[in-house]
Amino acid sequence: MVVALNKTDLLPEALRPKAVKKATKLIRETLAATKFAGAAVIPVAAKPTPNGISELQAWLVAAAVQQHADPAAAQAAAAAAARPFLFSIDHCFPLKVDKVRFYGGPVPSKGKYHMSIGHATVMAEATFFGLPDAPGSSQADALRLMIDALSKTSLHTQADAFDWSKQYLYQEELYGLEGRPITSSSSSSTVAAAGGAGAAGAACSSGQQQHFGPQWVLLKFDQPVTAPEDSVVIGARFDVDAAGEACRLAFYGRLTGSLAEGGPQQLRKLQVYKPKERQGLVSRIAPDATSAVCSGLFKKETDISIFQGARVVTGRGEWGSIEGRFGSSGKFKVQFDAPLWGVGEGQQQQRSAADNVLLLRYKRFVFDADKHSIRQ
């Protein structure tokens, strides 16, 4: 980095050398604790006669030659040249800052936020989502990942690419380092199948399971914006009391993907779902113990054909598939994978009410065109 100490011609000629020397010393002391320690400071003036311009040009040429001579620097320069060009002008102003605090209120999905991106600040609707419960991380790892994410807000680092092939869990709000509660539809068997409860979360002080993992946000801008593909974005609540002490910065991040214009058709590329759960009852079990008439999952006017073939599980962990409607009162038939426990010849124990609880878990994808479709 080079600092061009501009407009030195405005200083009285008799005092100019001393003032420039003092300003140069102050700049170097300020940069000493940063990665720009030792940066060159060149006093310049454009008029009435150019002063220091040739020295600045010589420094820039020398830096370019040195960069191409260094293989590592040349490789970094080539990578930077392949990225979209952004012409940036920075102005520095002295500010007194005691503490930077983030907005302390909830940051819900479907809320409107003032988004600073590129050279504009515009309103956008936010939809938050994250990884499903199972592939989580520990709280200590979450803190480390947050620190890594802070470093990635620098435009000198490459933003992580967004994986469009994955399925993501819809969040009612943005969560902090305390993690988010494990979704109510998650069961111990589901978590274990994905690697065990330890991979999903850690117990918080209340005993409730918590999930830690990365989070993303879909931003729908009120008007078109122009910005580099990996821009830093800052979400704020400028509608709160500006005279108060509370900070209005709500969240920040880097752009990791974009959707072309095309409305719902483009949004369907983003696989964000809400977990759903319905609870019913095994009402009458057939003599062969492999099929049963069940109730409680649907109303009589529900189109059960949407759920035909969907997997269900009893309170004892017995799995089966919905075959279709039984009668006209909302009841339906289930074919189980194996004979139900406690039923049939030779069975000495009877099934309890908890055994006959029937659960149907499925996913509703937020951006699906057919709002009645389900996936498991």
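A. Representation of the overall build of the protein chain within the structure. Helix and strand counts for the protein chain come out as seven helices and 17 strands. Of all 376 residues assigned to the protein chain, the portion counted as buried reaches 30%. Taking as baseline every contact in the protein chain between residues at least 6 positions apart, the subset at least 24 positions apart corresponds to 65%.

B. Spotlight on the nonpolar core. With 20 residues, the main nonpolar core has F298, F307, I322, F332, V334, L358 and L360 as its most contacted residues. At the level of secondary structure, the elements contributing two or more residues to this core comprise β13 (291-295), β16 (332-336) and β17 (357-365). Those residues within four positions of F298 in sequence are excluded, and the remaining contacts are R278, I304, F307, I322, G330, F332 and L360. In this structure, I117, A124, L219 and F251 belong to the second largest nonpolar core, which totals twelve residues.

C. The arrangement of unusual backbone geometry in detail. Located in the positive-phi region is K7, a residue other than glycine, with phi close to 60 degrees. Position of K7 among the secondary structure elements: in the loop between β1 (2-5) and α1 (16-31). Residues other than glycine seldom take positive phi values, yet K110 does so here, at roughly 70 degrees. Within the fold, K110 resides in the loop between α3 (71-81) and β3 (111-117). Accessibility expressed as a relative area gives 41% for K110, which makes it partly exposed.

D. Region of the structure containing the environment of Q171. If you trace the backbone, Q171 turns up in strand β5 (residues 168-171). A residue is classified by how much of its surface remains accessible, and Q171, at 2% relative accessible area, is buried. For the pair Q171 and V217, spaced 46 residues apart in sequence, the C-alpha to C-alpha distance is 9.6 Å. The contacts of Q171, once residues within four sequence positions are left out, are S109, F128, F129, G130, R180 and Q215.

E. Fine view of the packing of aromatic side chains. The tally for this structure, following the rule as stated, stands at 13 aromatic pairs. Pairing F129 with F162 gives two aromatic rings, centres 6.2 Å apart and planes at 80 degrees, and the pair type is edge-to-face. Separated by 33 residues along the polypeptide, F129 in strand β4 (residues 120-130) and F162 in the loop between α4 (139-151) and β5 bring together distant segments of the chain. Between the aromatic rings of F298 and F332, the centroid separation amounts to 5.1 Å while the plane-to-plane angle is 70 degrees, which identifies the pairing as edge-to-face. One end of the pair, F298, is in the loop between β13 and β14 (311-314); the other, F332, is in strand β16, and 34 residues separate them in sequence. Residue classification places F298 among the buried residues on the basis of a relative accessible area of 7%. With a relative accessible area of 0%, F332 lands in the buried category. Following the ring pairs from residue to residue traces out a cluster consisting of F129, F162, W164, Y168 and W216.

F. Just the pairing of β17, in detail. Here strand β12 (residues 272-285) runs beside β17; their pairing, made up of nine bridges, is antiparallel. Counterpart to Y273 in the pairing with β17 is F365. Pairing geometry for β14 and β17, over three bridges, is antiparallel. Bridged to T314 within β17 is L358.

Rules used throughout
Residues numbered from 1 in each chain as written. Predicted model: local features only at pLDDT ≥ 70, side-chain atom pairs only at ≥ 80, totals over all residues. Heavy atoms only, no water. Helix = DSSP H or I, 4+ residues; strand = E, 2+ residues; numbered from the N terminus. Buried < 20%, exposed > 50% of the residue type's maximum accessible area, 1.4 Å probe, protein only. Contact = heavy atoms within 4.5 Å. Core = buried A, V, L, I, M, F, W, Y, C linked by side-chain atoms within 4.5 Å. Phe/Tyr/Trp six-rings, centres within 6.5 Å; stacked < 30°, edge-to-face > 60°. Pairing = 2+ DSSP bridges.

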